[in-house]
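In case you want the letters, here they are:
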Amino acid sequence: MPRCPVCQTKYVAGKTDNCLLCGWSLQPYSLIVGVMPEVFLKEQSRLEWARSMWAKLTPHREQIQQLQLKLKDAEGTLTRLNFELEKANEQHKQLATTFQQRESELTHLRKDSDRVNQELIHLRGQLEQANQARDQLLAALHQRESNQLYLQEQSERATKDLIYLREELKQANQARDQLSTTLHQQEITIAHIQSQVNHIALVQHQTITDVELNSEEPNTVSQIDLAQHQTITDVEVKLEEPSIVLLSNQETLAIQMESVDTQEQKADFYIGKPDDFQENLGNNQVLEIVGLTGGSFWMGSKETEEGRESHEEPLHQVKIQPFYMSRFPITQSQWEVIANLPSIHRSLNPDPSNIKGQNLPVEQVSWYDAVEFSARLAKLTGRNYRLPSEAEWEYACRAGTTTPFHFGETITPDLANYDGNYIYASGIEGKYNQKTVSVGSFKVANAFGLCDMHGNVWEWCGDTWHDNYKDAPTDGETWEEGGIPNRRILRGGSWYCLPSLCRSAQRHWDQADHGGSGIGFRVALSGE
């Protein structure tokens, strides 16, 4: 099958006049072209030109074909897009209708939302009240559980104490029988001595009568007086001896009964000592400072002490150097004066207390606040005031005693400010003030002259918290090593505490940056 001389496209001879692709004439040359060379050359030139032109047009033709194919695809795509556009328009109309419906619904929902928000606010208020009520109930439940556990322990200890007291009573009865026997013997002795005294008096009377009859013998009277004086002296000595023994036995019996005697404490309340002095703070405020002699004491609690905790062991001996301590916890009026002085390490709120009163102990003060107060007081007075160490505090509280409280084996609301609804040992229930009271209200001081060491407010000490006294220092210094720095020691109990938490040996802690309505402090000063 012949091909087109220009584009090489096949064609059928005799049936095609011009190439269907390039349009070149496919008719055979006439005889004239063969006879006339000029015509032949011209045809050849024309063929060459057509071939070159075709070669140049071929790439463009291919591009045109590709573009035609793309155009065809584009037309198909356009048709499809037009169809989809129509569908989209229909959907748009439907969505617009739906949108209008949703806007209407949204308007209703917004109104419902406002109503629901109001109800939600109301419900949140009720929930908050319910949470507060729940917290109060949980706190009350926890308190009741603690009290129940405490009462169970108290009951067990009371049973043990009862057994012990029965044994002591048995021994006391035996001692009483012995005392009765001794007393009976002494009564016989006294009766015998009285008989002798009567006899001597009779002899004296008879002798004086004789002397009056014979006044010339004065030496006889002197001798008789001397003999009488000696005899009466001997009788007085014999009379005193049994009384001393009896008094000693009575005192021993009273100690075994572990009664609380506050009369002597109250009598000593206003007795000052040579080492006591007052610091003038300005603004008509003074700070009473009490001097404490040094000595050794047993720190901690005995295993038999009611309310004892593991934090209070082991019992260990500590030697304390002489030092000074404020007679009362720092009051709000004293705090206000010092808090208005220039800052040293931190600022102080002049009126932090929750329970207001010039002579009430300051509270709501953190450990850092108490340290700042001590530093400002030291700068004002020129004395190195500080917080007492825990050992110094317990030494000061006990004042030579070994009983749970410095006034005896028990505590009553007439002696200290605590929750009087509860009792300790053989104590009695009493008034629960439910707040702090003025310092010195109870007119009760220990042997050092310190007041309010039990109850009213917890008192900060300088030490960090340790779970027990293992490896504790024995020199009375502040114990920092090995403790938890942000936990600081509190001592003495507070107005809201159970009586067992007000014992001399009771230990407690709080975060150093926290101050509650039952937390205060007093200051100390090393001896010079």
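Residues numbered from 1 in each chain as written. Predicted model: local features only at pLDDT ≥ 70, side-chain atom pairs only at ≥ 80, totals over all residues. Heavy atoms only, no water.

### Notes on the overall build of the protein chain
- For the protein chain, the helix and strand inventory stands at seven helices and 11 strands.
- Accessible surface, the protein chain: about 32900 Å² in total, of which carbon and sulfur atoms supply 54%. (Helix = DSSP H or I, 4+ residues; strand = E, 2+ residues; numbered from the N terminus. Areas by Shrake-Rupley, 256 points an atom, 1.4 Å probe, with all protein chains shown as cover.)

### Describing the packing of aromatic side chains
- All told, the structure shown has 10 aromatic pairs when counted by the stated rule.
- Relative to Tyr324, the ring of Phe277 has its centre 5.6 Å away and its plane inclined at 70°; by these criteria the two rings are edge-to-face. On the criterion of sequence distance, the pair formed by Phe277 in strand β1 (residues 277–282) and Tyr324 in strand β5 (residues 323–326) is long-range, its members being 47 residues apart.
- Considering the side-chain rings of Phe405 and Phe407, the 6.0 Å spacing of their centres and the 15° angle between planes classify their relative orientation as stacked. Each of the two residues, Phe405 as well as Phe407, counts as buried.
- What links up through ring pairs into an aromatic cluster is the set Phe297, Tyr395 and Phe448.
- It is Arg487 that lies over the ring of Trp509; its NZ or CZ is 3.9 Å from the centre.
- Between the NZ or CZ atom of Arg488 and the centre of the ring of Trp367, over which it lies, the distance is 3.9 Å. (Phe/Tyr/Trp six-rings, centres within 6.5 Å; stacked < 30°, edge-to-face > 60°. Buried < 20%, exposed > 50% of the residue type's maximum accessible area, 1.4 Å probe, protein only. Lys NZ or Arg CZ within 6 Å of the ring centre and 35° of its normal.)

### Brief notes about the environment of Leu281
- Mapped onto the secondary structure, Leu281 falls in strand β1.
- Taking relative accessible area as the criterion, Leu281 reaches 7% and is therefore assigned buried.
- C-alpha of Leu281 to C-alpha of Leu377: the two residues are 96 residues apart in sequence and 8.3 Å apart in space.
- Ignoring sequence-local partners within four residues, the contact set of Leu281 consists of Val286, Leu287, Gln334, Val337, Ile338, Leu377 and Leu380. (Contact = heavy atoms within 4.5 Å.)

### Observations concerning the sheet that holds strand β10 (residues 519–520)
- Spatially, four strands are ordered β9-β8-β7-β10 in an open sheet, and the strand pairing comes out mixed. On the outer flanks of this sheet lie β9 (508–511) and β10, each paired with one strand and no other. (Pairing = 2+ DSSP bridges.)

### A closer look at the environment of Thr401
- Within the fold, Thr401 resides in the loop between α7 (390–398) and β7 (458–465).
- According to the relative accessible area criterion, Thr401 is partly exposed, its value standing at 24%.
- Each C-alpha atom of the pair Thr401 and Phe297 lies 8.9 Å from the other, and the pair is 104 residues apart in sequence.
- In terms of polar contacts, Thr401 uses its side chain to reach the backbone carbonyl oxygen of Arg398, at 2.7 Å. (Polar contact = N/O pair within 3.5 Å; in protein donor to acceptor, adjacent residues only side chain to side chain.)

### Some words on the packing of helix α5 (residues 332–339) against helix α6 (residues 367–381)
- Look at α5 against α6: their axes get within 10 Å of each other, and the N-to-C directions meet at 70°. Between α5 and α6, the angle falls in the class roughly perpendicular. Where α5 crosses over α6, the handedness of that crossing is left-handed. Here α5 contributes Gln334, Trp335, Ile338 and Ala339 to the contact with α6, which in turn contributes Asp369, Phe373, Arg376, Leu377 and Leu380.
- Classifying every residue of the contact of α5 with α6 gives six nonpolar, one polar and two charged. (Axes fitted to C-alpha atoms, helices over the stretch in contact; angles between N-to-C directions. Parallel < 35°, antiparallel > 145°, perpendicular 65-115°, else oblique. Left-handed = near helix turned anticlockwise from the far one by under 90°. Nonpolar A, V, L, I, M, F, W, Y, C, P; charged D, E, K, R; others polar.)

### Details of unusual backbone geometry
- The peptide bond linking Glu313 to Pro314 adopts the cis configuration, its omega dihedral lying at -5°.
- Looking at where Pro314 falls in the secondary structure, it is placed in the loop between β3 (295–299) and β4 (316–320).
- Despite not being glycine, Asn284 shows a phi value in the positive range, around 60°.
- Among the secondary structure elements, Asn284 is positioned in the loop between β1 and β2 (285–292).
- The class of Asn284 is exposed, set by a relative accessible area of 80%.
- At Ala425, a residue that is not glycine, the phi angle is positive and equals roughly 55°.
- Relative to the elements of secondary structure, Ala425 occurs in the loop between α7 and β7.

### With respect to the state of the cysteines
- Throughout the structure, instances matching the rule amount to zero disulfides.
- Its sulfur unpaired, Cys19 is 3.4 Å from the next cysteine sulfur, which belongs to Cys7.
- Accessibility expressed as a relative area gives 7% for Cys19, which makes it buried.
- With no disulfide of its own, Cys497 has Cys502 as its nearest cysteine by sulfur position, at a separation of 5.4 Å.
- Residue class for Cys497 comes out buried when judged on its relative accessible area of 3%. (Disulfide = S-S within 2.5 Å.)

### What to know about the environment of Leu57
- Along the polypeptide, Leu57 turns up in helix α2 (residues 37–213).
- By relative accessible area, Leu57 is classed as partly exposed at 45%.
- Through-space distance from the C-alpha of Leu57 to that of Cys22 is 9.9 Å; in sequence the pair is 35 residues apart.

### Considerations on the pattern of salt bridges
- Under the counting rule described, the total for this entry stands at 22 salt bridges.
- For Arg102, the salt bridge identified is with Glu105, shortest N-O distance 3.6 Å. In this pair, Arg102 and Glu105 are both assigned in helix α2, three residues apart and thus about one turn of the helix distant.
- A relative accessible area of 38% means that Glu105 is categorised as partly exposed.
- Here Glu372 makes a salt bridge to Arg376, at a shortest N to O gap of 2.8 Å. (Salt bridge = Lys/Arg side-chain N within 4 Å of Asp/Glu carboxyl O.)

Worth remembering: the numbers are spatial, not functional.
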